[in-house]
Amino acid sequence: MKFSYMISKDSATGWNIVRLTAEKPGIPQKSMSIAVTPECGSNMFSFTAGGRELIASPDSLSELIARRTGCPILFPTPNRVREATYRFMDEIYTMGFPGEKISHLIHGLVWDDAWKFDKPEIGKDGISLKTWYVFDENNPRFPGYPFKCTLTVTFTLMEDRVRIAYEVQNQDNRPLGFGFGLHPFWKVIGDKKSDLVQVGLPYHMEAIDLLPTGKLEPVGGTQWDLNNPKPVSELSLDDVYFGATPESIVRVMYESIGLEIGQKATADFTHVVVYTPDRDYFCIENQTSSTDAHNLFDRGLLKESNLQIVQPDSQTGGHVDYIITWK
C-alpha cells in the first residue's frame, strides 16, 4: 500500500484541505482517501473507497456550516442539550458565547470552529493527520464550556479503514465532564432499499422531544430493533441506542455496489444515534455519551449518560474505526 498526502487551499473560504490517500498498485478498488478541513471543525468531508464517495459532501466547502454534510465532530455535548443549559458539579452552564451567530443548542461547540493541525505523518501501516482544539480564556467560546482542556483528534488512513481517535487533556484544576461523538452523513448510493443498516445494541433510550428521559427500553420486537440489517427505506428514526461494546455489530451495507462499512469503536463509545431523514443521506453516530449527557448525569443516571469524567492533569481517549469490506 502506498500512502501519500496533499495540502491545498479552498479558493472560496481560504480553508486548508488535507487529503490523505492510500493506493493499492494495480488494484484501484482497494484504494481509499479522506479529506479534512481543520478550519471548519476538523471535518472529514470526503471519504472514498475504490473511487466511490461514501460521505454526503457539500457542493462548496462553506456549506459544511449547514451541518448536513461531512462528518462533524461533536464535543463536549453530543447532539441536543435541554434548553441549551446543562448542570455539572452543582454549577449551571449555558451553551453560548458572546457574538454567537449560529445556535449551539445541538452538536456542541467545536464542529464549526477553526482547529490547528500538523503536517501528516506517513508510517509503515498508514498515514495520520493530527488536529487539535483548545478551550481556555483566549477562546471566545470558553464561556459555553469553561474548562481548560485540549481536544486532539487524529485521522489515520490504513489499508482497510479510517481510524478517528480522540484524546481529551484536562488542563484545569477541577474535574471536567464531556461527551464525544462522530456524525458521518453516509451518502445514499443506489436507493434506500439497497442501503442497509445494522445496529446490534440491546436498548433504545426513551425520549420526549428528542431528549432522552433516562429510561432504557429493550429493542427486541419493537420498531427500534436493528439487530438484523434493515433497508434505510423502512426506517424513520432520530433515536439514541445504548449498550454498545467493542464487539457490537454496527455497520452500513451498500448492496448495490457490494461494499460494507463496519463501525468498530473502543469501550467508551456506549451510545449510537441512528438518524434516517427523508433526504439523500443517513447517519449512524458513535458517541461516548448520551444526548443531554450532563443533565442525565446530574440526575444520577451515570450508566445511562456515560458522561466521561477527566480529573485535573489527566487525559482520556478512544477511537472509532470505519472498516471497508468489498463483497
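Residues numbered from 1 in each chain as written. Predicted model: local features only at pLDDT ≥ 70, side-chain atom pairs only at ≥ 80, totals over all residues. Heavy atoms only, no water.

### As for the overall build of the protein chain
- When you go through the protein chain residue by residue, the secondary structure sums to two helices and 27 strands.
- Here the protein chain has a C-alpha radius of gyration of 19 Å; the compact-globule value for 327 residues is 20 Å, and the two agree.
- Its C-alpha atoms put the protein chain at 60 × 50 × 35 Å along the principal axes.
- When the 327 residues of the protein chain are sorted by exposure, 57% land in the buried category.
- Residue pairs in contact within the protein chain that sit at least 24 positions apart in sequence constitute 65% of those at least 6 positions apart.
- Working note: accessible area of the protein chain is about 13,600 Å², and carbon and sulfur atoms make up 48% of it.
- If you average the places of the 32 positive and of the 42 negative side-chain charges in the protein chain, the two averages end up 4 Å apart. (Helix = DSSP H or I, 4+ residues; strand = E, 2+ residues; numbered from the N terminus. Rg over C-alpha atoms; globule rule 2.2 N^0.38 Å. Buried < 20%, exposed > 50% of the residue type's maximum accessible area, 1.4 Å probe, protein only. Contact = heavy atoms within 4.5 Å. Areas by Shrake-Rupley, 256 points an atom, 1.4 Å probe, with all protein chains shown as cover. Lys, Arg positive; Asp, Glu negative; His and termini not counted. Charge placed at Lys NZ, Arg CZ, Asp CG, Glu CD.)

### Quick look at the pairing of strand S2 (residues 16-23)
- For S2, the buried fraction is high: six of the eight residues fall into the buried class.
- Of the strand pairs in this sheet, strand S1 (residues 2-9) and S2 are connected by eight bridges, and their pairing is antiparallel. When the sheet's bridge partners are listed, Ser4 is paired in S2 with Thr21.
- What sits between the antiparallel neighbours S1 and S2 is a turn of six residues, in which Gly14 has the positive phi angle 80°.
- Two elements, S2 and strand S3 (residues 32-37), share five bridges in a ladder whose sense is antiparallel. When the bridges of S3 are listed, Val18 appears paired with Val36. (Pairing = 2+ DSSP bridges.)

### Side note on the pattern of salt bridges
- For the structure shown, the criterion picks out 13 salt bridges.
- The salt bridge involving Asp298 is made with Arg87; its shortest N-O contact spans 3.6 Å. In this pair, Asp298 sits in helix H1 (residues 293-298) while Arg87 sits in strand S7 (residues 85-88), placing the two residues 211 residues apart along the sequence.
- Overall, the relative accessible area of 30% leaves Arg87 in the partly exposed class.
- For Asp160, the salt bridge goes to Arg161, with nearest N and O atoms at 3.0 Å.
- Given the relative accessible area of 30%, Asp160 is considered partly exposed. (Salt bridge = Lys/Arg side-chain N within 4 Å of Asp/Glu carboxyl O.)

### Looking at the packing of aromatic side chains
- Under the definition given, this model contains 20 aromatic pairs.
- Ring centres of Phe75 and Phe178 lie 5.6 Å apart, and the angle between their planes is 45°; on these two criteria the pair is classed as tilted. Here Phe75, found in the loop between strand S6 (73-74) and S7, pairs with Phe178, found in strand S14 (residues 176-178); they are 103 residues apart in sequence, far enough to count as distant. Phe178 shares its class with Phe75; the two are buried.
- One Lys or Arg, Lys130, reaches over the ring of Trp132 and ends 5.8 Å from the middle of that ring. (Phe/Tyr/Trp six-rings, centres within 6.5 Å; stacked < 30°, edge-to-face > 60°. Lys NZ or Arg CZ within 6 Å of the ring centre and 35° of its normal.)

### Some words on the nonpolar core
- The biggest cluster of nonpolar side chains holds 77 residues, and the ones touching the most others in it are Phe47, Leu54, Tyr145, Phe180 and Trp186.
- Among residues more than four places away in sequence, those in contact with Tyr145 are Phe75, Pro76, Tyr86, Leu109, Phe135, Leu176, Gly177, Phe178 and His294. (Core = buried A, V, L, I, M, F, W, Y, C linked by side-chain atoms within 4.5 Å.)

### Description of the sheet that holds S1
- Across the sheet, which stays open at both edges, the five strands sit in the order S1-S2-S3-S4-S5 with antiparallel pairing between neighbours. The open sheet has two free edges, formed respectively by S1 and strand S5 (52-53), since each of these has just one partner strand.

### Quick look at unusual backbone geometry
- Note that the residue after Phe75, namely Pro76, is joined by a cis bond; omega there is 0°.
- Looking at where Pro76 falls in the secondary structure, it is placed in the loop between S6 and S7.
- Of note in the backbone geometry, Asp90 takes a positive phi value of approximately 70° without being a glycine.
- Position of Asp90 relative to the elements: it lies in the loop between S7 and strand S8 (91-94).

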